[in-house]
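Observations on the three-dimensional arrangement
Okay, here's what each chain looks like letter by letter:
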Amino acid sequence: MSAGRRSLLKVLAAAAPLGWTLQARAADAPTHMVDEPITDLPHRLLPLVGGGALDAAFLDGVAQAAQASGGLRERTARLPALDAVTLAHLASRLDGNTPRLVVALLDDAGAALALELLRARGARLLAFESQRLAPTLAGAAHARALGLALASGAPLPTSPATAAGAPCIALACLI
């Protein structure tokens, strides 16, 4: 994570009321999907990525799940920068009363901020798991499998315990 992103996250965490931090809320999140598949997923699907090397593979998995279920895949939301304009744009896309499933592959700062935005709009967290993905064919295959599993409500694929690569967070929320 870059120094700018880390500084922004520290400022937001310090400004949280009553010492309630973004990191503590993310740490309380479940680390895997429930064992049984989720069958009541909404028809709309919003993918969210942070501009990483494996975004295309993740989005391919999401597209496969949307096509298999006949769901409507919304235009991908991207969080390449954690600035006010980007976050306001994401917040405006989350407004409304249309149920949707939000699936994301983000770095830790982006995941913490996206999770706070989603929870502020009443989202229910379904999955939140730390991953390490290398920009290799194996990493792309795992990112694709993550996108497919998150978007279809299936259990997440297991990642190798010795996985090397960039840390990221895979998450799914119902909103």
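We now turn to the structure provided with this report. (Residues numbered from 1 in each chain as written. Predicted model: local features only at pLDDT ≥ 70, side-chain atom pairs only at ≥ 80, totals over all residues. Heavy atoms only, no water.)

**Focus: the overall build of the chain**
How we decide: Secondary structure elements follow DSSP: runs of H or I of four or more residues count as helices, runs of E of two or more count as strands, with numbering from the N terminus. Burial classes follow relative accessibility: with a 1.4 Å probe on protein chains only, a residue under 20% of its type's maximum area counts as buried, one over 50% as exposed, and anything between as partly exposed. By definition, residues are in contact when any of their heavy atoms lie within 4.5 Å. The method behind every accessible area is Shrake-Rupley, applied with a 1.4 Å probe, and residues are considered shielded solely by the protein chains displayed.
Looking only at helices and strands, the chain has 6 helices and 6 strands in total. What you see in the chain, going N to C, is helices and strands ordered as α-α-β-α-β-β-α-β-α-β-α-β. Residues classed as buried in the chain amount to 46% of the 175 residues present. By sequence separation, contacts in the chain at least 24 residues apart represent 80% of the contacts at least 6 residues apart. As displayed, the chain has an accessible area near 8,800 Å², and 59% of this comes from carbon and sulfur atoms.

**A few points about the side chain of R93**
Put simply, the rule is: His residues and chain termini do not enter the charge count, which takes Lys and Arg as positive and Asp and Glu as negative. Salt bridges are counted wherever a side-chain nitrogen of Lys or Arg sits within 4 Å of a carboxyl oxygen of Asp or Glu.
Relative to the assigned elements, R93 resides in helix α4 (residues 84-94). There is no salt bridge for the buried R93, and the closest opposite charge comes from E74, which lies 4.0 Å off by N-O distance. R93 has contacts with L46, E74, R75, T76, A77 and R100, leaving out every residue within four places of it along the chain.

**Looking at the packing of α4 against helix α5 (residues 108-120)**
The cut-off we apply is this: Axis lines are fitted to C-alpha atoms, over the contacting stretch for helices. Their N-to-C directions set the angle, which ranges from 0 to 180 degrees. What makes a crossing left-handed is the near helix being turned counterclockwise from the far one by less than a right angle; a clockwise turn instead makes it right-handed. Gly is placed with the polar residues, together with every amino acid not listed as nonpolar (Ala, Val, Leu, Ile, Met, Phe, Trp, Tyr, Cys and Pro) or charged (Asp, Glu, Lys and Arg).
With their axes 10 Å apart at the nearest point, α4 and α5 run at an angle of 35 degrees to one another. Read as a crossing pair, α4 and α5 show a hand that is right-handed. Of α5, the residues touching α4 (which contributes L87, L90, A91 and L94) are L113, L117 and L118. Classifying every residue of the contact of α4 with α5 by side-chain character gives 7 nonpolar, no polar and no charged.

**Digging into the pattern of salt bridges**
This structure, assessed with the given rule, holds 3 salt bridges. Between R100 and E74 there is a salt bridge, and its shortest N-O distance comes to 3.0 Å. Of the two residues, R100 sits in strand β4 (residues 100-106) while E74 sits in the loop between β2 (72-73) and β3 (77-78), which places them 26 residues apart along the sequence. With relative accessibility at 6%, the residue R100 sits in the buried group. For E74, a relative accessible area of 10% translates into the label buried. Sharing partners across several salt bridges, the network here consists of R44, E74 and R100.

**Describing the pairing of strand β5 (residues 124-133)**
Note the cut-off: Pairing between strands is defined by DSSP: at least two bridges between them are needed.
For β5, the buried fraction is high: 7 of the 10 residues fall into the buried class. Taken together, the 9 bridges between β5 and strand β6 (residues 166-174) define a ladder with antiparallel strand orientation. In the strand pairing of β6, L133 is matched with A166.

**Quick notes on the environment of L72**
Summarising the element assignment, L72 is placed in strand β2. The sequence separation of L72 and R100 amounts to 28 residues, and the corresponding C-alpha distance is 9.4 Å. Residues within four places of L72 in sequence aside, it is in contact with H43, R44 and L45.

**Re the side chain of T76**
This is how it is decided: Here a polar contact means two N or O atoms within 3.5 Å. Within protein one must be a hydrogen donor candidate and the other an acceptor candidate, and residues neighboring in sequence count only if both atoms are side-chain atoms.
Within the secondary structure, T76 is located in the loop between β2 and β3. The class for T76 is buried, based on a relative accessible area of 13%. Within the local environment of T76, its side chain forms a polar contact with the side chain of R73, the two groups lying 3.1 Å apart.

**A few points about α5**
Stated formally: Here a helix's expected span is defined as the number of its residues, less one, multiplied by 1.5 Å.
Between its first and last C-alpha, α5 extends 18 Å over 13 residues, near the 18 Å set by a 1.5 Å rise per residue. Among the 13 residues that make up α5, 10 are buried, leaving the element largely enclosed by the rest of the structure. The positive-phi residue at the C-terminal boundary of α5 is G122, with phi of around 85 degrees.

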